[in-house]
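# Working through the structure, step by step
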Amino acid sequence: METESEPYVRLATLRQLHQVVAELNTARSLADTLQTVVDGIVVGLGYELACVNLVRPDGDLVVAAFAGDPAAEALITGRVGSRASWERRLTMGENWDGLRFIPHTEGWVLMEDDVPQWHTDGPDPRFEDEWHPEDRLYAPMYASGGELLGVVSVDRPRNGRRPGAWGREALQMYAFQAAIAISNARLRANMQRALVRLEREQQALRASEESFRQAFEYAPSGMAIAEMGGDQHGRLLRTNDALCRLLGRPASVLRRYSFSDLVHPEDIGTLLRTSAEGGRAELRLGRRDGTYVWVSLRNSVVADAADGPRFLLTHVEDIEERKRHELQLAHRASHDSLTGLPNSAELRARLGARLCRLPQSVRATAVEALDAAYEGRPAPDGIPGQATGTGSGPGTGSGEHGFRPDGFPDPFEFPGVPGGPPGHGAGPAGGPYDHHVHTVAPATEIDDGTKGLAVLFCDLDGFKSINDRFGHHTGDAVLIEVARRLTTGVRDGDTVARLGGDEFVVLADGLGAADAADLAVRLRNAIIPPIRVDGRAVRVGASFGIGWASCGMSADEVLRSADQRMYIEKRSRSKAHRRAG
């Protein structure tokens, strides 16, 4: 019998307790630790049955280890009891200094809850401290922070009696050591899982880096990594072979440059916007031989969650062929397929770009109108609303010399066009300081010094007979040669266009009336010499009509005016004379 007067019993129990606690620290895994806990209770603390109910992540408790009875172990191991049922049990019965004892007289109410049980019926105790099969003794295990780790359940003391004070203290000390061992085992398991996970992540990272390296190095199109931020922003850190071949420079040389050093000057703004925002852009990069190649840049900003953007990963695709094709398509849409000259649509577009909706009656330039304002005289051609002398005219709001009281000149007021003369395109552009320079025409055919945009309408004489007699092949060759001679005979910046058939138009800016007449004579003389086609010499003449573009006219009106003058000029000469030039 265990009594306080039997020190040898305490000594033996302490030896056994020391031995089983030492074995707790030899277990390597959490499962081994849990089984060692219950085995130690059966071997060292004098109970026939022991069980560990471990708290799961969801809060419920599962039977994680059992010792003492293989049949009972097979019956309840792995079964789960709810947290609420366990909390109810840990508040019932008697509190034995941290242990919880529920006598059979109170435990009958627990027979229907969901906690796994192995109790059997038995006779009533014959004496006061005799153990009954339905008695329950629990030892809760807590972590260092007070969190419940699990509950140790014991049953059937070998001496058949309820534990005394020393037995209770031994079970309590063992539960405390078991909690430490379980916490350590969990920590080791977590560390082991973390190490395994880290190793897998490192392996995946190494595989990803190798995959990226191969994809970067052996990509069929150019790839580059450029620095972001700081003094070296945009500097190339790494380039692949495809980019080196595209730009004709080795990787060691490219590392001295940034994309801004290589980009075409006209494309620097596009590059800066793309570098700052990521995304895609089409621009030109310089090659080693001094030429430029069209590329498509696609930037990806590689960022660090803590430090922000780190570098740019740039994909460089050669689009030179596509750009050349696009330019060819655009050229075909705006140029004559036979002669390569601008076609009718392109001619009208260029002419329309110089014209606005300024009424034809208004011929004053901005400078002339300002002079009128300063000198206090009426503006040329009757521009209304200009100040004369001092004071202010009705409705103008102008002070002396045509200035408003705030010191700024009044906007020129045109009838029906508020705020000043209309600018380029449709609608008003807001005053004499508009960027559009209005196109004006000489008032008469006599050269008065006025310079304007001359429109020379050319119609070939005798071309139809060549076409009919020698065929379209010869006619096409004549048109090609005439186009060449016209282009050679004008200045850089002038436009030679083919309207269709044997009609051509020349746009020449900055000419006076005499200049335009001289140009028509020179071009006619350039066309007259014989043209050799397939060993045969043929000749054509040319009739020119000179028109003048002026704001307030449409492109069609300008061309129609020049066309009419051409027919007047053609009818004024005999047929033979026209043929001879």
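Residues numbered from 1 in each chain as written. Predicted model: local features only at pLDDT ≥ 70, side-chain atom pairs only at ≥ 80, totals over all residues. Heavy atoms only, no water.

Our focus in this paragraph is the overall build of the protein. If you tally the helices and strands in the protein, you get 18 helices and 18 strands. Per-residue burial for the protein yields a buried fraction of 43% across its 581 residues. Taken as a whole, the protein presents about 30700 Å² of accessible surface, with 52% of it coming from carbon and sulfur. (Helix = DSSP H or I, 4+ residues; strand = E, 2+ residues; numbered from the N terminus. Buried < 20%, exposed > 50% of the residue type's maximum accessible area, 1.4 Å probe, protein only. Areas by Shrake-Rupley, 256 points an atom, 1.4 Å probe, with all protein chains shown as cover.)

To continue, consider the sheet that holds strand S14 (residues 495-500). Spatially, S14-S15-S13-S18 is the arrangement adopted by the four strands of the open sheet, whose pairing is antiparallel. Each having just a single partner strand, S14 and strand S18 (541-549) make up the two edges of the open sheet. The sheet shows a mean angle of 25° between the axes of neighbouring strands, direction not considered. Pairing between S14 and strand S15 (residues 503-511): five bridges, direction antiparallel. Each bridged residue has a counterpart across the sheet, and for Gly500 the counterpart in S15 is Glu503. The strands touched by helix H12 (residues 344-353) are strand S13 (452-461), S14, S15 and S18; relative to S14, the strand with the most contacts, the crossing angle is about 135°. (Pairing = 2+ DSSP bridges. Axes fitted to C-alpha atoms, helices over the stretch in contact; angles between N-to-C directions. Contact = heavy atoms within 4.5 Å.)

Regarding helix H14 (residues 463-470), the residues found buried are Phe463, Ile466 and Asn467. One side of H14 holds all its buried residues, which, seen down the axis, span an arc of 100°. Seen from the buried face of H14, the exposed residues on the opposite side, beyond 90 degrees, are Lys464, Asp468 and Arg469. Each element contacted by the buried residues of H14 is listed here: S13, helix H15 (472-488) and strand S17 (536-538). Phi turns positive, to about 95°, at Gly471, one or two residues after H14. (Arc of directions from axis to C-beta.)

Bringing the pattern of salt bridges into the picture now. In total, this model carries 31 salt bridges according to the counting rule given. The partner of Arg161 in a salt bridge is Asp129, and the shortest N-O contact between them spans 2.7 Å. Of the two residues, Arg161 sits in the loop between strand S7 (148-157) and helix H6 (165-217) while Asp129 sits in the loop between helix H5 (104-107) and strand S6 (136-142), which places them 32 residues apart along the sequence. Given the relative accessible area of 22%, Arg161 is considered partly exposed. Here Arg235 ties to Glu227 by a salt bridge, and the two come within 3.5 Å at their closest N and O atoms. Salt bridges here are not isolated pairs; linked through shared partners, they connect Glu282, Arg322, Lys323 and Glu326. (Salt bridge = Lys/Arg side-chain N within 4 Å of Asp/Glu carboxyl O.)

With that settled, the discussion passes to the packing of aromatic side chains. The tally for this structure, following the rule as stated, stands at four aromatic pairs. Ring centres 4.5 Å apart and planes at 10° place the aromatic pair Trp96 and Phe101 in the stacked group. You'll find Trp96 and Phe101 in the same group, each marked buried. Ring centres of Phe101 and Trp131 lie 6.0 Å apart, and the angle between their planes is 55°; on these two criteria the pair is classed as tilted. Taken together, the residues Phe101 in strand S5 (residues 99-102) and Trp131 in the loop between H5 and S6 connect sequence positions 30 residues apart. When sorted by exposure, Phe101 lands in the same class as Trp131, which is buried. What links up through ring pairs into an aromatic cluster is the set Trp96, Phe101 and Trp131. Here the basic side chain of Arg168 rests over the ring of Trp96, its NZ or CZ set 3.8 Å away from the ring centre. (Phe/Tyr/Trp six-rings, centres within 6.5 Å; stacked < 30°, edge-to-face > 60°. Lys NZ or Arg CZ within 6 Å of the ring centre and 35° of its normal.)

This part is about the nonpolar core. Judged by nonpolar contacts, the single largest core of 35 residues is most densely connected at Ile41, Leu45, Val52, Leu137, Met141, Leu171 and Tyr174. At eight residues, the largest contribution of residues to this core is made by H6. Not counting residues within four places of it along the chain, the set of residues in contact with Ile41 comprises Gly46, Tyr47, Ala50, Val152, Val154 and Tyr174. Ranked by size, the runner-up nonpolar core spans 31 residues in total, among them Leu460, Phe504, Ala513 and Val540. (Core = buried A, V, L, I, M, F, W, Y, C linked by side-chain atoms within 4.5 Å.)

Taken together, the side chains of Trp108, Val109 and Met111 present a nonpolar region at the surface, about 290 Å² in accessible area. With respect to the element layout, Val109 can be found in the loop between H5 and S6. Relative accessible area serves as the criterion here: at 31%, Val109 is assigned to the partly exposed category. (Patch = residues over 30% accessible without salt bridge, like charges linked within 9 Å, V, L, I, M, F, W, Y side chains within 5 Å.)

Looking now at the side chain of Lys323. Within the secondary structure, Lys323 is located in helix H11 (residues 320-334). Here Lys323 is in contact with Glu282 and Trp294, once residues within four sequence places are set aside.

We now examine the environment of Arg485. Mapping Arg485 onto the fold places it in helix H15. With relative accessibility at 13%, the residue Arg485 sits in the buried group. Sequence-wise, Arg485 and Arg524 are 39 residues apart; in three dimensions their C-alpha atoms are separated by 9.8 Å. Contact partners of Arg485, with chain neighbours within four places excluded, come to Ala526, Ile527, Pro529, Pro530 and Ile531.

The next subject is the confidence of the model for the protein. For the protein, mean pLDDT is 80; residues scoring 70 or higher make up 79% of the total. Throughout residues 360-367 the model reports pLDDT below 50, and contacts reaching past four residues in sequence, or to other chains, amount to 15 contacts. (pLDDT = per-residue confidence, 0-100.)

Taken across its seven residues, strand S2 (residues 61-67) has six buried, putting it largely inside the fold. One ladder, built from six bridges, connects strand S1 (residues 47-55) with S2; its direction is antiparallel. The residue bridging Leu54 from the neighbouring strand is Val62, located in S2. From the end of S1 to the start of S2, which pair antiparallel, there are five residues, and Gly59 there has a positive phi angle of about 100°. With two bridges connecting them, S2 and strand S3 (residues 80-81) associate as antiparallel partners.

Two elements in contact, H14 and H15, have axes whose closest approach is 6 Å; the angle formed by their N-to-C orientations is 145°. Listed contacts from H15 to Phe463, Ile466, Asn467 and Phe470 of H14 are His472, Thr474, Gly475, Val478 and Leu479. For the contact of H14 with H15, the class distribution of residues is five nonpolar, four polar and no charged. (Nonpolar A, V, L, I, M, F, W, Y, C, P; charged D, E, K, R; others polar.)

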